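Given next are the chains, with one letter for each unit.
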Number of protein chains: 2
Amino acid sequence: MDFNIFRKKDENVFPLPERLSTDKEDLFCYGFDASSMQGAPSAIVKPVSTDEVSKVVAYANKQRTPVVPRGAGTGMTGGSVPLNDAIILSLDGMNRILDIDDRNMIAVVEPGVINGYLQEKLEGKGLFYPPDPASMNFCTLGGNVAENAGGPRAIKYGVTRDYVLGLEVVLPDGRVMMTGGKTYKNVVGYDLTRLIVGSEGTLCVVTKIFLKILPMPEETVTLLCTYSRLDEAASAITKITSSGIIPRVLEFMDEESVRAVENYKNFGLPLDAEAMLLVEVDGSHAAAMQDAEKIAKICTSQNGQVSIAEDMFAQQRLWEARRAISPALYRIKPTKINEDIVVPRGRIPEMLQSLRAISERYNLKIVNFGHAGDGNIHVNVMTDKNDREEYERAGKAVEDIFKATLKLEGTISGEHGVGLTKKQFLGMELSETSIEMMKAVKNIFDPNGIMNPGKIFQAG
Amino acid sequence: MDFNIFRKKDENVFPLPERLSTDKEDLFCYGFDASSMQGAPSAIVKPVSTDEVSKVVAYANKQRTPVVPRGAGTGMTGGSVPLNDAIILSLDGMNRILDIDDRNMIAVVEPGVINGYLQEKLEGKGLFYPPDPASMNFCTLGGNVAENAGGPRAIKYGVTRDYVLGLEVVLPDGRVMMTGGKTYKNVVGYDLTRLIVGSEGTLCVVTKIFLKILPMPEETVTLLCTYSRLDEAASAITKITSSGIIPRVLEFMDEESVRAVENYKNFGLPLDAEAMLLVEVDGSHAAAMQDAEKIAKICTSQNGQVSIAEDMFAQQRLWEARRAISPALYRIKPTKINEDIVVPRGRIPEMLQSLRAISERYNLKIVNFGHAGDGNIHVNVMTDKNDREEYERAGKAVEDIFKATLKLEGTISGEHGVGLTKKQFLGMELSETSIEMMKAVKNIFDPNGIMNPGKIFQAG
């Protein structure tokens, strides 16, 4: 690759020198993500328009240079970690909210807009964008689209895919393509929009996102419920999901999570609790209050200790406990291997049993919490990267976790994607035929294989 | 093609003679659908298992014989009407509900199951499958998947795509492939499931469908509201959709629809009404009642006449009025050209104005009703197929309707698909690039072009 800015007439010269950095610090900082994997990019480019993205990508395509699109780097599976000699296409400069259209209930954003920033702007207008990944205060909407991000509110409101009405994308050859648009329904031709959502930057670069938005629900009520026995919490979950009320949040924390959080910050949680549920309902004022009461009754009937937070301050305190899990876990061990398996939601108790057995088999602490309403459990194998023997043991435990998940008709990733960290396991879940079809799809979009190569699929 | 059943060893011989019919009556009956277009198939095959589908499709692929998968033939755009010398693959024999799993809230069905039949079975268990196309008592779930069918409840609950968790499909070469599965979330590899949903039988044959199901809401309240002025109805729609309540139904009927229905069956609707809204809310008992009251207040504040139906009998009567539109319209003219455009939902008033202008320009009656909450309007150009001059004029009006729709950033199809009737208009909405990408996707699945050829795309 030639970044020489002086020979401007030559088509082999990088077309956007003013957006380019090859500083060592930049190459380091843009080389890793939340998976804590580290790559060595050859350059960082920060385009500020679709046209600039198009120029960079078309150039890279001619040069057969890998391009790795990147948002905030909060991904958990190494999706934005470059292999080889890639250009990092950092989209954080394309961070404008282009339109908040409350007449048509659509927001149009560039990919670098932070999820939480959009949420905040919408809230000010009484509007609501449901997808709320844990990293929402940092992660970009472009990254959310690439990974099809979920979050606690997915149980009622769905995931990113369910809000993307259309996309503007740049294909590897530099052409700009629109998919979908501003309508809530559209069945004209194949659904390229949802093919691109979740494709982890391996097909094209998203440069504009058309999002469906909702009116903010009038009222939200939050309940926290602790259980001295895990099976009682499990049966409360089942009773809630079949009650006819769809809660907007139904989060589960196991014994270790509760203890870790309580030791980390003194919330007054019972240290002998085997499980905790965080439940939220929303709707009109009367509806939310009534649904909350009904859920409190269900939780109590299964011997839970319920507290209801009706004001925002009390709500925030309960969420603090939930959000404290991740940092709190590092007190147990310096390294956590964080997986995001999903099982059919009635099979959560079986999955938790399997996890307990695996924990014992490998003599490793495994901490579980997550989105019980979706069957989506965040499984954290606690270990120490520097203890080589233990770290290898943890790797074997992860493989057993995936095997147990698939045995229960689950999936190895509900939110985080495949990226680098899970690609070796792809064949455990998908058949050869479907991997072949996916690779063929990839090849249509990206015949030269420049878009985020080495992700999702094994080489060859 | 050789349907000779005696030379059984020959691989050129049709593999499933016992499921084959070449009777004239069958060839006629399976040659048309609700678009009232008529084709001339060479044979009808009715497989009863995935294995049989695989054998037929693999055979057709070798012989380069077109295969047209077909459910109940209720499609509006000719998607199941065969061109050329095709085999009709009628899936109405694969009509078993394989599982209703209320623990995991999943139903597994074969493609020939009637939508309404599944609804009925679920209701008996207090469960709920939201997608409700107008033809739900006849149409098959396989057809719903092929067209990504919607319905009135889509405003709150989404369309077929939002309920399909996974598919078993037969590829044209006979291989069986699974996509997705039994989990509510899954981000492992590209989303082939939703690529296949809405692909109108042009990629593969769906042989098993994994559907997400919900608990039946405790209460549903139905409101009917008539307006003497169209603009008041339009402003009621806007106020409802921004109220924070998401109604489960928000249907609109224009002046002509109301009059046609009232003249057809005496419901006591005011003949001078310019518009009518049918609204439904659901949830827990108290929530639904409260939301209904709030909506009634909004409707009344815009000078609407509201009636609330709280019991099932009264509800059914209101729905009868809505469902009577289609048959009632045939009293106006013998032929209706039924389009299903969508505009960003705040632009419905502008679209209705354009439709009025087109109606005057071509001196044709155009009757409009549909899913106001989604911006999805069913536009019915009333004409007479046998009046050649008028029918041609109607065709030109349709083209103007599509132009006006696209000018308002709409789409030419929200529910019905492209099929045969809209393929000539595809290039009005989609760019050359996106059509090229779609054709390339088609070519991966179906390199020999045997799957429902001549649909969606123009030849060449």
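Residues numbered from 1 in each chain as written. Chains lettered and ligands numbered in written order. Predicted model: local features only at pLDDT ≥ 70, side-chain atom pairs only at ≥ 80, totals over all residues. Heavy atoms only, no water.

A. Broad picture of the pairing of strand β6 (residues 106-109) of chain B. All names here are of chain B. Alternating residues of β6 divide into I106 and V108 and A107 and V109, and every residue in both groups is buried. Sheet analysis places strand β5 (residues 97-101) next to β6, joined by four bridges and oriented antiparallel. Paired with I100 across the bridge in β6 is A107. Between the antiparallel neighbours β5 and β6 lie four residues, among them M105 with a positive phi of about 55°. Across four bridges, β6 lies against strand β10 (residues 205-212) in antiparallel orientation. By the bridge assignment, I106 is partnered in β10 with K212. (Buried < 20%, exposed > 50% of the residue type's maximum accessible area, 1.4 Å probe, protein only. Helix = DSSP H or I, 4+ residues; strand = E, 2+ residues; numbered from the N terminus. Pairing = 2+ DSSP bridges.)

B. Structural context of the sheet that holds strand β8 (residues 164-170) of chain A. Residue and element names in this part refer to chain A. The sheet built from five strands is open, its strands ordered β5-β6-β10-β8-β9 with antiparallel pairing. The two strands at the open ends of the sheet, each matched to only one other strand, are β5 (97-101) and β9 (176-180). Sheet twist, expressed as the mean angle between neighbouring strand axes with direction ignored, is 10°. The pairing of β8 with β9 spans five bridges and is classified as antiparallel. The residue bridging E168 from the neighbouring strand is M178, located in β9. (Axes fitted to C-alpha atoms, helices over the stretch in contact; angles between N-to-C directions.)

C. Broad picture of the interface of chain A and chain B. Of the residues lining the interface, 82 residues belong to chain A; the matching set on chain B comes to 82 residues. In total, about 6700 Å² of surface goes out of reach between chain A and chain B, with carbon and sulfur atoms giving 62% of it. At the boundary of chain A with chain B, the tally comes to 14 salt bridges. K185(B) serves as the salt-bridge partner of D374(A), at 3.1 Å between the closest nitrogen and oxygen. (Contact = heavy atoms within 4.5 Å. Buried area = accessible area lost by both parts, 1.4 Å probe. Salt bridge = Lys/Arg side-chain N within 4 Å of Asp/Glu carboxyl O.)

D. Fine view of the pattern of salt bridges. Tallied over the full model, the rule gives 64 salt bridges over all chains. Across the pair E168(B) and K208(B) runs a salt bridge, and its minimum N-O distance is 3.6 Å. Highlighted residues: E168(B) in strand β8 (residues 164-170) and K208(B) in strand β10, separated in sequence by 40 residues. A single network of salt bridges, built from pairs that share partners, joins R103(A), K182(A), R347(B), E350(B) and E409(B).

E. Representation of the domain arrangement of chain A in the model. Residues and elements named next belong to chain A. For chain A, the assigned domains are domain 1 (3-90), domain 2 (97-215) and domain 3 (219-326). Relative to domain 2, the C-alpha centre of domain 1 lies at a distance of 23 Å. Between domain 1 and domain 2, the residue contacts involve 13 residues of the former and 16 residues of the latter. Across the domain 1/domain 2 interface, buried area totals approximately 1100 Å², and carbon plus sulfur atoms make up 64% of it. The interface formed by domain 1 and domain 2 includes zero salt bridges. (Domains from an automatic or database assignment.)

F. How the structure looks around the packing of helix α7 (residues 230-241) of chain B against helix α9 (residues 285-301) of chain B. All names here are of chain B. Following both chains from N to C, one finds α7 and α9 inclined at 150°, their axes separated by 9 Å at the closest point. It follows that α7 is roughly antiparallel to α9 by the angle criterion. Considering the relative orientation of α7 and α9, their crossing is right-handed. Residues A236, K239 and I240 of α7 form the contact with α9, whose own contacting residues are I295, I298 and C299. Across the contact of α7 with α9, the residue classes tally to five nonpolar, no polar and one charged. (Parallel < 35°, antiparallel > 145°, perpendicular 65-115°, else oblique. Left-handed = near helix turned anticlockwise from the far one by under 90°. Nonpolar A, V, L, I, M, F, W, Y, C, P; charged D, E, K, R; others polar.)

G. Layout of the packing of aromatic side chains. Summed over the entire model, instances satisfying the criterion amount to twelve aromatic pairs over all chains. An angle of 75° between the planes, with centres 5.6 Å apart, marks the rings of Y190(A) and F457(B) as edge-to-face. Here the residue Y190(A) occupies a position in the loop between β9 and α6 (192-196), and F457(B) occupies one in the segment after α15 (432-445), the pair thus bridging two chains. Owing to a relative accessible area of 3%, Y190(A) belongs among the buried residues under this scheme. Under the relative-accessibility criterion, F457(B) is labelled buried at 8%. Measuring from ring centre to ring centre gives 4.9 Å for F402(A) and F425(A), while their planes differ by 75°; the resulting arrangement is edge-to-face. (Phe/Tyr/Trp six-rings, centres within 6.5 Å; stacked < 30°, edge-to-face > 60°.)

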